[in-house]
Amino acid sequence: MSVDTRFVDFLKARIGLDVGSVGVSVVERAVRQRITSACAVDADEYWVLLQHSSQERQALIEAVIVPETWFFRYPESFDTLTRLAGERLASLAGSRPLRILSLPCATGEEPYSIAMALLDAGIAAPLFRVDALDVSSRLIERAQQAVYGKNSFRGAPLDFRERYFSVVADGYALDEAVRQQVRFQCGNLLDPALLADQPPYDLVLCRNLLIYFDQATQESVLAGLKRLTREDGVIFIGPAEASLASRLGLQPLGIPQSFAFRYPDQTAPAPPAERTTRPPPRKVLHLPPAAPARSADGRARLAVNHGSRPATAQPPMPPEEGAAVQLQAIASLADQGCLAEARQGCERLLAEHGPSAEAFYWLGLLSDAGGKPDTAQGFYRKALYLQPQHREALSHLAALLVAQGDLAAARRLQARAAKGVDKDA
Ligand SMILES: C[S@@+](CC[C@H](N)C(=O)[O-])C[C@H]1O[C@@H](n2cnc3c(N)ncnc32)[C@H](O)[C@@H]1O
């Protein structure tokens, strides 16, 4: 069966899905699966059913979405979020709780990570509230149940699992104290009346959804998110979406690996680069071993390293330290949406230091962000050749394979990543 454009158009209109981003086979499979489950004779009969049944419309959406997520995905962004939360609470001086939005939240790992990070930082429960939305009612139900399997714990270390979860028959159950902080509901990001009864949020996370939209939808969604974000608020997006945000005029905060932006017409000064609140306890603990070390001044160091000062101004660095500095600079450039410069940084690093899993991983991420998934796959594979348990490369490659419909291969990679997690646990 080749994909029927009626279903492609339906999914685009309903949830913004751009078939090119997930691959035709994903939509084909979902339609085929729903035709069978709904006992329709063929696509025409199923199409008629779809027009008359809101339940079936939701079922088709559920069949096509990509719910890939895990706790403390992009760990550095949670450090940034915690710092910004502390600063905002200081300026609110108890006048109201901090308001945070996680959209889409999938099975809840992202909003619960926010709650755990803030509680860990000593921010008392009444001082903040997280609203979490997703278009999938099935995922929202699972988020509310808050029982998670191994795949939800992919980073290291997993100290938070010891502190906030208890082992149950089918996984790990999250403590009530964290669950209480998050309010879930179904919601479609394309709905112009979404959260219309709510005041705008201080911090908004909208990660790994825009990549599934075409450019026009991305633009209108980012404009819609502006309504939900306070003028002095911050929006966090996914790494593959950073160049898009820059292109659409959002201003990066320039905090490496955080992918945090402001809307342009804000009058509030950007937050200081240095931490002004006490650091959260897991600041260091959440860096996955595979991730390059980052620094807030990565970009400046890149300039130092490549000749903006006389070579004699600095003592020579050991090669591994030089590579780490270059990786920091690459991360910083990528965060700011400077993809070409970040790519050049990777190429320079490879030329100067030889094959590097981190450099290949970054080239993968940059190709991914630049809309070249095939090239990205090649780089992720190179990273994995050098470092077979590179978690981020495994999970990004798995996401690309899901997008192209190769679920079996994606599952194998996810199992491999989970094995690495087990080893570290
Ligand atoms: C890859 S997950 C991202 C989860 C989380 N933000 C993260 O980055 O780990 C994408 C989620 O987007 C949801 N989604 C897709 N279209 C949506 C829409 N139009 N409105 C709200 N959620 C949507 C899907 O149900 C899925 O759970």
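Residues numbered from 1 in each chain as written. Predicted model: local features only at pLDDT ≥ 70, side-chain atom pairs only at ≥ 80, totals over all residues. Heavy atoms only, no water.

## Side note on the sheet that holds strand β3 (residues 147-148)
Next up, step 1: Spatially, 3 strands are ordered β3-β5-β4 in an open sheet, and the strand pairing comes out antiparallel. Edge positions in the sheet fall to β3 and β4 (165-168), since each of these pairs with one other strand and no more. (Pairing = 2+ DSSP bridges. Helix = DSSP H or I, 4+ residues; strand = E, 2+ residues; numbered from the N terminus.)

## Topic: the site of the ligand
Next up, step 1: Of all residues adjacent to the ligand, which total 18 residues, the nearest are Thr69, Pro104, Asp134, Asn188 and Asn208.
Next up, step 2: Here an oxygen atom of the ligand and a side-chain polar atom of threonine 69 are 2.6 Å apart.
Next up, step 3: A distance of 3.1 Å separates a nitrogen atom of the ligand from a polar side-chain atom of glutamate 110.
Next up, step 4: With the chains in place, 98% of the 600 Å² that the ligand exposes on its own is no longer accessible.
Next up, step 5: Class assignment of the residues belonging to the shell around the ligand gives a composition of 9 nonpolar, 4 polar and 5 charged. (Near = heavy atom within 4 Å. Polar contact = N/O pair within 3.5 Å; in protein donor to acceptor, adjacent residues only side chain to side chain. Areas by Shrake-Rupley, 256 points an atom, 1.4 Å probe, with all protein chains shown as cover. Nonpolar A, V, L, I, M, F, W, Y, C, P; charged D, E, K, R; others polar.)

## Things to note about the pattern of salt bridges
Next up, step 1: A full pass over the atoms with the stated rule returns 17 salt bridges.
Next up, step 2: Here glutamate 176 ties to arginine 179 by a salt bridge, and the two come within 3.9 Å at their closest N and O atoms. Here glutamate 176 pairs with arginine 179, and both are found in helix α10 (residues 176-179), just 3 residues apart, close to one helical turn.
Next up, step 3: Close ionic contact of arginine 230 with aspartate 202 constitutes a salt bridge, the shortest N to O distance being 3.5 Å. Highlighted residues: arginine 230 in strand β8 (residues 229-237) and aspartate 202 in strand β7 (residues 201-206), separated in sequence by 28 residues.
Next up, step 4: Taking the relative accessible area as the measure of exposure, arginine 230 reaches 28% and is therefore partly exposed.
Next up, step 5: The network of salt bridges with shared partners includes Arg88, Arg96, Asp202, Arg230 and Asp232. (Salt bridge = Lys/Arg side-chain N within 4 Å of Asp/Glu carboxyl O. Buried < 20%, exposed > 50% of the residue type's maximum accessible area, 1.4 Å probe, protein only.)

## What to know about the packing of aromatic side chains
Next up, step 1: According to the stated counting rule, one finds 19 aromatic pairs in the structure shown.
Next up, step 2: Measuring from centroid to centroid gives 6.3 Å for phenylalanine 160 and phenylalanine 165, while their planes differ by 70 degrees, and the two rings are edge-to-face. Of the two residues, phenylalanine 160 and phenylalanine 165, both sit in the buried class.
Next up, step 3: Their ring planes at 15 degrees and their centres at 6.4 Å tell us that phenylalanine 360 and phenylalanine 379 sit as a pair that is stacked. Here phenylalanine 379 lies in helix α17 (residues 373-386) and phenylalanine 360 lies in helix α16 (residues 357-369), a separation of 19 residues in the sequence. Take phenylalanine 360 and phenylalanine 379: they sit in the same class, and that class is buried.
Next up, step 4: Each residue in the set Phe71, Phe72, Phe78, Tyr112, Tyr148, Phe153, Phe160, Phe165, Tyr172 and Phe184 is aromatic and connected to the rest through ring pairs, giving one cluster.
Next up, step 5: The side chain of arginine 99 reaches across the aromatic face of tyrosine 201, ending 4.2 Å from its centre.
Next up, step 6: The side chain of arginine 161 reaches across the aromatic face of phenylalanine 153, ending 4.9 Å from its centre. (Phe/Tyr/Trp six-rings, centres within 6.5 Å; stacked < 30°, edge-to-face > 60°. Lys NZ or Arg CZ within 6 Å of the ring centre and 35° of its normal.)

## Things to note about helix α4 (residues 43-52)
Next up, step 1: Turning to α4, its buried residues are Ala43, Tyr46 and Leu50. The buried residues of α4 occupy one face: seen down the axis, they fall within an arc of 60 degrees.
Next up, step 2: Lining the buried residues of α4 we find α1 (5-15), α3 (24-37) and α5 (54-64).
Next up, step 3: Between the side-chain oxygen of the N-cap and the backbone nitrogen of aspartate 44 there are 3.2 Å, and the N-cap of α4 in question is aspartate 42. (Arc of directions from axis to C-beta. Contact = heavy atoms within 4.5 Å.)

## A short note on helix α11 (residues 215-228)
Next up, step 1: Taking 1.5 Å as the rise per residue, α11 with 14 residues should run 20 Å; its terminal C-alpha atoms sit 20 Å apart, in good agreement.
Next up, step 2: Within α11, burial applies to Thr217, Gln218, Val221, Leu222, Leu225 and Leu228. Down the axis of α11, the sector holding all buried residues measures 130 degrees, keeping them to one side.
Next up, step 3: Of the surrounding elements, those touching the buried residues of α11 are α1, β1 (98-102), β7, β8 and α12 (242-247). (Expected span 1.5 Å × (residues − 1).)

## With respect to the sheet that holds β8
Next up, step 1: Overall, mixed pairing links the 7 strands, which are arranged β6-β2-β1-β7-β8-β10-β9 in an open sheet. Of all strands in the sheet, those with a lone pairing partner are β6 (182-186) and β9 (251-252), marking the two edges.
Next up, step 2: Helix α6 (residues 75-92) contacts β1, β7 and β8 of the sheet and is inclined by roughly 165 degrees relative to β8. (Axes fitted to C-alpha atoms, helices over the stretch in contact; angles between N-to-C directions.)

## A closer look at the pairing of β7
Next up, step 1: β7 sits mainly inside the fold: 6 of its 6 residues count as buried.
Next up, step 2: Sheet analysis places β1 next to β7, joined by 3 bridges and oriented parallel. In the sheet register, leucine 101 faces β7, and the bridge partner there is valine 204.
Next up, step 3: Considered for its hand, the β-α-β crossover made up of β7, α11 and β8 is right-handed. (Right-handed = clockwise from strand over helix to strand, strands pointing away.)

## A word on the state of the cysteines
Next up, step 1: Evaluated as defined, the whole model comprises 0 disulfides.
Next up, step 2: In this structure cysteine 186 is not part of a disulfide, and its nearest cysteine sulfur, from cysteine 105, lies 8.7 Å away. (Disulfide = S-S within 2.5 Å.)

## Focus on the nonpolar core
Next up, step 1: Core analysis: the largest hydrophobic core is formed by 50 residues, its most contacted members being Val27, Leu60, Leu189, Leu225 and Ile235.
Next up, step 2: Not counting chain neighbours up to four residues away, the residues in contact with valine 27 comprise Val3, Val8, Leu11, Leu17, Val19, Val22 and Val64.
Next up, step 3: Of all hydrophobic cores here, the second largest spans 43 residues; its members include Leu84, Ala146, Val178 and Val234. (Core = buried A, V, L, I, M, F, W, Y, C linked by side-chain atoms within 4.5 Å.)

## Comments concerning the side chain of glutamate 109
Next up, step 1: The residue glutamate 109 is located in helix α7 (residues 109-120) in this model.
Next up, step 2: No salt bridge is formed by the buried glutamate 109. Its closest oppositely charged neighbour is arginine 142, at 6.0 Å.
Next up, step 3: Within the structure, glutamate 109 has its side chain in polar contact with the side chain of threonine 107 (distance 2.7 Å).
Next up, step 4: Contacts of glutamate 109, omitting those with residues within four sequence positions, involve Thr69, Trp70, Phe71, Tyr148 and Ser152. (Lys, Arg positive; Asp, Glu negative; His and termini not counted.)

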